[in-house]
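Each chain, letter by letter, is given below.
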Amino acid sequence: MSGIINIASGENLTDFIAEYIFNSSKKTAVICGGRRPFLFINKKLAAKSKRSFYPPDFFTNDAFVDNLIFQNTECFKIPDIESAFILYGIIKREVPELLKGNKTFAEYLQWLFEILSFIDRLDMENISEDILENIKKNAEIGYDVPKDINTLLQNLLSIRHSFHRQLDEINAVSKGFSYLKASQYSAESLKGGYEEIILLSPFYLYKSEIEFLKKLFDCGVLTIILVGEPHLYEPLRKIYSIFGAEFPKKTDDVDSKKDIDFEVLSSFDNQTQCLLAKNILKDFSKESLEKTLIIIPNSDFFQPAVLEISQLNCPYNISLGYPISKTAVFSLIKSVFDAQLSKRGKFYYLKDIAKVLKNPLVKSAGFLQDLPLVKDVFASIERFFLEDSSEGVSKKLFIEIDGILGGIAKNLDGEFENSACGRIKEMQADILKTFFGGWEKFETLSDFAEILISFIDKVFKSNSGIRYHLNADAAQLFLDAAQELKFGNVSKHKMAQEEILNIFTDIISAKRIALSGTPLQGLQILGFLEARNLSFDNVLILEMSDADFPSAAKISPLIPQDVSFILGSEFEKRELEIQKYYFDCIVKSAKKVYLIYADNEKEARSRFIEELIWEKQKKTGSLNSVSERSLSICAPPPNKNSKRKYAKTPQIATMLKNMRYSHSAFASYLSCRLKFYFSYVLGLAEAEEIGEEAGGKEIGNFIHEYLQNILKKDFDSRNLKKETFINESMSYFSRYFDETFAFRMREDAFMAKAVLEHRLKKFWLNESYRNFKKVFGCEQAYYSELKTELGIFKLKCKIDRIDELENGCAVIDYKTGAIPQFRQKHFQKMKDAWLFTRKEIKKAADSYQLPLYKYIFENSQDGENAGDKKVLFCGFYDMRKAELKDFFENTENREEDCAVCIEALKKTLEEINSGDYFEFDSDDFIACGNCPFAYICR
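What counts as what
Residues numbered from 1 in each chain as written. Predicted model: local features only at pLDDT ≥ 70, side-chain atom pairs only at ≥ 80, totals over all residues. Heavy atoms only, no water. Pairing = 2+ DSSP bridges. Helix = DSSP H or I, 4+ residues; strand = E, 2+ residues; numbered from the N terminus. Axes fitted to C-alpha atoms, helices over the stretch in contact; angles between N-to-C directions. Parallel < 35°, antiparallel > 145°, perpendicular 65-115°, else oblique. Contact = heavy atoms within 4.5 Å. Nonpolar A, V, L, I, M, F, W, Y, C, P; charged D, E, K, R; others polar. Patch = residues over 30% accessible without salt bridge, like charges linked within 9 Å, V, L, I, M, F, W, Y side chains within 5 Å. Areas by Shrake-Rupley, 256 points an atom, 1.4 Å probe, with all protein chains shown as cover. Salt bridge = Lys/Arg side-chain N within 4 Å of Asp/Glu carboxyl O. Buried < 20%, exposed > 50% of the residue type's maximum accessible area, 1.4 Å probe, protein only. Core = buried A, V, L, I, M, F, W, Y, C linked by side-chain atoms within 4.5 Å. Phe/Tyr/Trp six-rings, centres within 6.5 Å; stacked < 30°, edge-to-face > 60°. Lys NZ or Arg CZ within 6 Å of the ring centre and 35° of its normal.

### Observations regarding the sheet that holds strand S2 (residues 28-32)
As summarised here, the arrangement of the five strands in space is S1-S7-S6-S2-S3, forming an open sheet in which the pairing is parallel. A strand with exactly one partner marks an edge of an open sheet, and here the two such strands are strand S1 (3-7) and strand S3 (57-60). Each neighbouring strand pair of the sheet contributes to a mean axis angle of 20°, computed without reference to strand direction. With four bridges connecting them, S2 and S3 associate as parallel partners.

In structure tokens, the structure reads:
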């Protein structure tokens, strides 16, 4: 006999339904919104039976409908991508203007998924043709939406008809169409041999769903168990009305009067919220933890929750949907896809190659059977990537796979025995083919699916990393998704490789791994939806911010507000009511509730908390009836002087005395004493990144190389005045850029080339007007010494360019970035007071590079100039403006000021070589933000 049973929110639903089923002898099926309650019901039934028993059949709402379709027809559930392809053909044929004439299936796919979702909603709500006809007429007048959406709404009825017709032709159903078909079955077909079907804790029901459930109710098979006081929730009152059941008399309003024992707590981020939860639970007994639930809103809390709760040393289970995108398997396959998407013809982007080969699952791949050689295989590849030579690729961004194999082979010869060397080469070829070459040729989704299935089978079959269950589940989801791509006409549709990779990435990124959370003992950590219809004595809910509780409903871009009103489906309102209802059920069935939220400026605490507080305040008549605890971990503010200091040991003192000082060493010391210590004493440097993209430094190096190739030693300045010179030099620039520097850049290489071309044309034009005889030296190294009160120190430099003038030379340094400033006012103050403190030296000039170059050149020990060449001019060449800036342009006596600069460098040398420590200067704190050693010197 059908009926509606109403229980209070505070009653334990799993206990009630287990007792109800245990006392029934009928063949029973249970329908519920989620799978999790079934596990607890079975556990209760097993405890009651104390022997083997046949449990009832459990179905989610969707699974029940799928079972009806399977039992009553030969139809099958069609993948969404095939449904989208059917819609694409219909729109292309009936409403081609929506495709803008030439939009491909891949380009329009996201809109096709939105249209499919909309049609599914229409089917599940069983929207009549009359309503759609009304929408069509209004769309012809025009809703306040983009033109394309009005066009779609005008043709929605015919598109839906055609979609249903084509599904019928191939005996297929979509999700919405399956509900629509189920609503048309007879009561006998719907019963499926069950004597009683229990609908557990429904709230909202689709109209198509209502139609077949009503038939079951009318024939005496359906029992509906409602949770909560119907007078408080309109959807529960509607269920009584829909099924024609007698509405219960209003009780003493037990639900609304239930005094919820709750506590509000705050912290500031995910980790500390989980820490707060652990602190609450650490004093709980084992029995209490068995009756405790922690609700985490999303997968961002997965790792911090595991980290903190595992310290309690108690059994616990986690059940929620974990994004596949956060697994190592996804990371590896996405990297493989990225390598194909970033290719230039046959040339691979080096960074994407490195990202693939660095993945830990690659080095533990099962197909690499010679495990003792695996380390050597990857070490040789990495050495080749970092090798700074013509065969290496450290200065490139793009390279052919054949080029990698050829370059590595040269390095391997002579390093290993012939047998090992040959096997290493075979393994390297297999690696590069598996992860790169094998993905280069596919035209259809079916071809791609075959490659992906073969790849997963080969790489993960014997992979030690796949033993981690998240990776195993992720690999299975990839295989399932690949199998779907082999179905239907969409699988044979030819597309560009880029489109196929992007389509599959979008599809797989939305997948979630179901963490089952079994066995059902210990502390339960569940997602919000997984906790539906479950009851626990103690409930902790994390991240109770208004953005997560309630979470925002997805709004379809295809459904204007007016259309939602006509359809009678206000999705935002419905979603809010559903979340509020399940939240009420969870907290009302608990004995103690802890509500934890992030107290920060970005988010407000949940309106659900505010409602509970307001109800408590009304009952007690006090605004202070609810107190709040907070966890605050304050980090002390950084102390500018809290830097370490390092002793100048005798060994270091000897090294400093004997080292050869360059401009960069002086600049480093004046910038920060500790930076000098790390760079020049310890010899530390930032790790070179494989395939590092070109930045300002690399652009500067390229320009230096280009100019060095033209302005060679003894280059005659008269060549600059030839009519053909600029065209010839720029033609050489174009070839040289394409053959070298272009491979260090990505899509913006053409922009960089255009900018450099413009600047270099200005540079050559400016050079043609300058008066000098010839290039005396280019990228030439010079060495000298400097006598100080502490002794004689060695110097070195490499000068970009030296021009020979009528009576001397000009020292020139190219700058592609900012030009160092010479501050005449501060320099004069230092000069007049003969005050050479480090602070005053830094104020006087940004750089002492050119005075140092002048001194070393004029006092060179290499014998090339033998001191007979006088430097008359020192200048920085601003390559951005094609301007030559005189370093001493505002001085009256160049020689005197240059001598002052050298005196400043002498005092700097003396400071470097005296004292007991390299110690931090608080005035240098401003430079810490961009320093590579900022974290190790604290």
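Next comes the rest of the account.
### Considerations on the packing of helix H5 (residues 105-124) against helix H8 (residues 156-169)
Packing of H5 against H8 brings their axes to within 11 Å, and their N-to-C directions diverge by 85°. Judged on the interaxial angle alone, H8 and H5 are roughly perpendicular. Residues Leu116, Phe118, Ile119, Leu122 and Asp123 of H5 pack against Leu156, Ile159, Arg160, Phe163 and His164 of H8. Of the residues belonging to the contact of H5 with H8, the class tally is seven nonpolar, one polar and two charged.

### Structural notes on a nonpolar patch on the surface
Taken together, the side chains of Leu682, Leu684, Tyr935 and Ile936 make up a nonpolar region of the molecular surface, amounting to roughly 420 Å² of accessible area. Along the polypeptide, tyrosine 935 turns up in the segment after strand S26 (917-918). Using a relative accessible area of 69% as the deciding quantity, one classes tyrosine 935 as exposed.

### Some remarks on the side chain of arginine 801
Turning to its location among the elements, arginine 801 is positioned in strand S22 (residues 791-804). Taking the relative accessible area as the measure of exposure, arginine 801 reaches 0% and is therefore buried. Residue contacts for arginine 801: discarding those within four places in its chain leaves Leu711, Phe763, Glu767, Arg770, Phe772, Val775, Gly777, Cys778, Ala810, Val811, Ile812 and Tyr814.

### A closer look at the sheet that holds strand S17 (residues 592-598)
With parallel pairing, the seven strands of this open sheet are ordered in space as S10-S15-S9-S16-S17-S8-S18. Single-partner strands in this sheet number two, and they are strand S10 (316-319) and strand S18 (628-630). Strand-to-strand, the axes of this sheet are offset by a mean angle of 20°, without reference to chain direction. The strands touched by helix H14 (residues 270-281) are strand S8 (262-267), strand S9 (292-295), strand S15 (523-526), strand S16 (538-541), S17 and S18; relative to S17, the strand with the most contacts, the crossing angle is about 155°.

### A word on the nonpolar core
Residues Phe105, Phe435, Phe436, Phe448, Phe460 and Phe478 are the most contacted members of the largest nonpolar core, which totals 214 residues. The element that contributes the greatest number of residues to this core is H5, accounting for eleven residues. Look past the residues within four positions of phenylalanine 436 in its chain and what remains in contact with it is Ala339, Gln340, Tyr348, Ile353, Val356, Leu357 and Ile401. Grouped together as the second largest cluster of nonpolar side chains are 60 residues, Leu656, Tyr661, Leu674 and Phe836 included.

### Some details on the packing of aromatic side chains
Scanning the model with the defined rule gives 64 aromatic pairs in all. Both rings, one in phenylalanine 64 and one in phenylalanine 212, keep their centres 6.3 Å apart while their planes meet at 35°; by these two values the pair is tilted. Taken together, the positions of phenylalanine 64 in helix H3 (residues 61-72) and phenylalanine 212 in helix H11 (residues 207-218) put the pair 148 residues apart, joining distant regions of the chain. Centre to centre, the rings of tyrosine 646 and phenylalanine 678 are 5.5 Å apart; their planes meet at 75°, and the pair counts as edge-to-face. You can see tyrosine 646 sitting in strand S19 (residues 646-647) and its partner phenylalanine 678 sitting in helix H31 (residues 673-681), a full 32 residues away along the chain. Assessed through its relative accessible area of 16%, tyrosine 646 is described here as buried. One aromatic cluster is present, built from ring pairs that chain together Phe702, Tyr706, Phe715, Phe725, Tyr732, Phe733, Tyr736, Phe737, Phe763, Trp764, Tyr814 and Tyr877. In this structure, arginine 801 is placed above the aromatic ring of phenylalanine 772, and the distance from its NZ or CZ to the ring centre is 5.3 Å.

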